[in-house]
Amino acid sequence: MFDIFYNENFLAFIFIMLKIIGLVVPLLVIVAFLTYAERKVIASVQLRKGPNVVGPFGLLQPLADGLKLFSKETIFPTVSNKIIFLLAPMVAFSLSIAAWAVIPIADGWVISNINVGVLYLFAISSLSVYGIIMAGWASNSKYAFMGALRSAAQMVSYEVSIGLVIVTVLVCVGSLNLSEIVYAQKSVWYVFPLFPMFIVFFISALAETNRAPFDLPEDESSLVGGYFTEYSSMLFAMFFLGEYAAMIMMSGMATILFFGGWLPPFDIAILNQIPGFIWFAGKTSLMLFTFLWVRATFPRFRYDQLMRIGWKVFLPFSLLWVVLTSGFLIIFDLLPSSV
Amino acid sequence: MLPVFFYLFSIIAIFSAIMVITTKNPVHSVFFLILTFFNSTGLFVLMGAEFLAMLLLVVYVGAVAVLFLFVIMMLNIDFSSLRAGMIKNAPLGLLIGAVLLGEIIFSFIGMKYGISEIPGNELFVKLSEIENTRALGNVIYTDYIYLFQCAGLILLVAMIGAIVLTHRRRENVKKQDAVKQTLRDKSDSIEVSKVEIGKGV
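Residues numbered from 1 in each chain as written. Chains lettered and ligands numbered in written order. Predicted model: local features only at pLDDT ≥ 70, side-chain atom pairs only at ≥ 80, totals over all residues. Heavy atoms only, no water.

Draft legend 1. Geometry of the overall build of chain B. Of the regular secondary structure elements, chain B holds nine helices and zero strands. Listed by position from the N terminus, the elements making up chain B come as α-α-α-α-α-α-α-α-α. Burial analysis of chain B (201 residues in total) assigns 20% to the buried set. Sequence-distant contacts in chain B: of pairs separated by 6 or more residues, those separated by 24 or more amount to 50%. (Helix = DSSP H or I, 4+ residues; strand = E, 2+ residues; numbered from the N terminus. Buried < 20%, exposed > 50% of the residue type's maximum accessible area, 1.4 Å probe, protein only. Contact = heavy atoms within 4.5 Å.)

Draft legend 2. Examining the interface of chain A and chain B more closely. Each side of the interface is counted separately: chain A has 32 residues, and chain B has 27 residues. In this assembly, chain A packs against chain B so that about 2,600 Å² is buried in total across both faces, 73% of it on carbon and sulfur atoms. At the boundary of chain A and chain B, one finds zero salt bridges. One can count four residue pairs in polar contact (both at pLDDT 80 or more) joining chain A with chain B. Of all the secondary-structure elements, those providing two or more residues to the side of chain A that touches chain B are helix H2 (8-45), helix H5 (117-127), helix H6 (129-139), helix H7 (142-173) and helix H14 (303-331) of chain A. Of the residues belonging to the side of chain A that touches chain B, the class tally is 20 nonpolar, eight polar and four charged. (Buried area = accessible area lost by both parts, 1.4 Å probe. Salt bridge = Lys/Arg side-chain N within 4 Å of Asp/Glu carboxyl O. Polar contact = N/O pair within 3.5 Å; in protein donor to acceptor, adjacent residues only side chain to side chain. Nonpolar A, V, L, I, M, F, W, Y, C, P; charged D, E, K, R; others polar.)

Draft legend 3. Representation of the side chain of A:Thr255 in the model. Structurally, A:Thr255 is set in helix H11 (residues 233-258). For A:Thr255, the contacting residues outside a window of four places in its chain are A:Gly260, A:Gly261, A:Phe280, A:Lys283, A:Thr284 and A:Met287.

Draft legend 4. Structural detail: the pattern of salt bridges. All names here are of chain A. Tallied over the full model, the rule gives six salt bridges over all chains. Across the pair glutamate 243 and arginine 211 runs a salt bridge, and its minimum N-O distance is 3.6 Å. Residue glutamate 243 is located in helix H11, and its partner arginine 211 is located in the loop between helix H9 (195-208) and helix H10 (220-223); the two are separated by 32 residues in the primary sequence. Aspartate 304 is the partner of arginine 302 in a salt bridge, and the nearest nitrogen-oxygen pair spans 2.8 Å. With a relative accessible area of 40%, aspartate 304 lands in the partly exposed category. Several salt bridges share partner residues, and in doing so they unite Glu38, Arg211, Glu243 and Arg295 into one network.

Draft legend 5. Region of interest: the environment of A:Ala92. Residue and element names in this part refer to chain A. Here alanine 92 is to be found in helix H4 (residues 82-98). Judged by relative accessible area, which is 11%, alanine 92 ranks as buried. Between the alpha carbons of alanine 92 and glutamate 243 there is a distance of 7.9 Å; along the sequence they are 151 residues apart. What alanine 92 contacts, discounting residues up to four positions off in sequence, is Gly131, Phe239 and Gly242.

Draft legend 6. Just the confidence of the model for chain B, in detail. Residue and element names in this part refer to chain B. Per-residue confidence for chain B averages 81 on the pLDDT scale, and 85% of its residues sit at or above 70. The secondary structure element of chain B with the lowest average pLDDT is helix H5 (residues 122-127), at 53, and the one with the highest is helix H7 (residues 145-166), at 92. For this predicted complex, the interface confidence comes out at an ipTM of 0.80, alongside a pTM of 0.84. (pLDDT = per-residue confidence, 0-100.)

Draft legend 7. Structural context of unusual backbone geometry. Residue and element names in this part refer to chain A. Even without being glycine, asparagine 140 reaches a positive phi, approximately 55°. By the element assignment, asparagine 140 lies in the loop between H6 and H7. Here the phi dihedral of serine 233 falls at roughly 55°; this positive angle occurs in a residue that is not glycine. Mapping serine 233 onto the fold places it in helix H11. Exposure remark for serine 233: the relative accessible area of 5% places this residue in the buried category.

Here is the structure:
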């Protein structure tokens, strides 16, 4: 009767579950403290103090915020489509967590080392539009709907340039596996030869995660709260956490594609002593800081300007770089070996 | 472990495919369509066709279905007229369905008795040795390059057609010319003039 518990598959299953918990729990803690970091960074930019009352240096602020949201009432608008209204934040949240299944945090520290890792990340980030569009439609409110439409158009547009940036990196690596991409950067990080593509990727990532200066879907001066206008309590919190988790995911992706993942900057013994996940976390934090820095610095784009940049500037530019990079690799015979 | 997931994905896929054509609300239909795509992705992964699975996600779920949703949400669809056309269009739908089913059955019979030789069969041999992204790339960009280019051209023509059909040039639209804006400087946009008191510019 208890045979199933001694089954090898079952043990493997338990082991994978433990790995997932080991990744997701720290991730959620980091997400919580990212909200704190954001408030602190923006406060510093604006010469304020930021949260400093709850706990030492205000460190317990995210906990207090979480408790507050938890104790609020969940409101369903009477005209809303209840099931989809409830599903939308779950989709948004779980998708941004699901992406972490393939991200290698250190050498071999990855839940699923699949051959098409980059495509998986790309697919997940393109799916995250559904949480927003579902929320906008199910709320049955014009502000939410307008926010969702803006967001859908924006994310679909910027995926194109992200896709071309990824192609450029893949041409240099010759594999879709994320760990392989990191190994390929042992001699030089791709941010140096492909610097313009990194800039394109970073700006597109801002648009893809609906962050300032492209946070038009939640543009409060014209759309109240955008797609989550009608949301309250934990459903709102799930959107919020999902957005921040997506931000961390995008930063992690940038780290892997351009900053050599868990590799130290120089191949020196002392630097190699430091465990890989610290390098990874450090680089990702730097990217995240840039996200916050941009938010504190730039005003919001107008919608037509956003579309113009996406389609008329980034798309032709990144297409040109794909051609240039592959041409360069062919001329100097640097193409990664093929079967 | 494998059969469990196979039956899970197939049952949900079939169920949601049925829901696509039976549910009343067209937006729900699209969501069920997305669920069907999702579960087919799962089936592809189980078959070991990971590249196709991810492409299905990126292209169909991530882009095509979003546009479907976009259009259906924006259009004010009259449900009763949709229902009215159902009886009229049913024979056509049944015919198409029967043809597709027949094709699938024939190809299965062909596979079982080795009658039909599937072009690109050599892929299956290669799959065991190399990852299928590479295998697909090797075939598509060498043996089938002309067909591949043809497919690309057809899509391009379709795209141009759609743009030509929907694009209309409107008069009196103010457009921002970013280049002109950034090239402006002090000398051609500000004039300092000394105005005498009581005279005006």
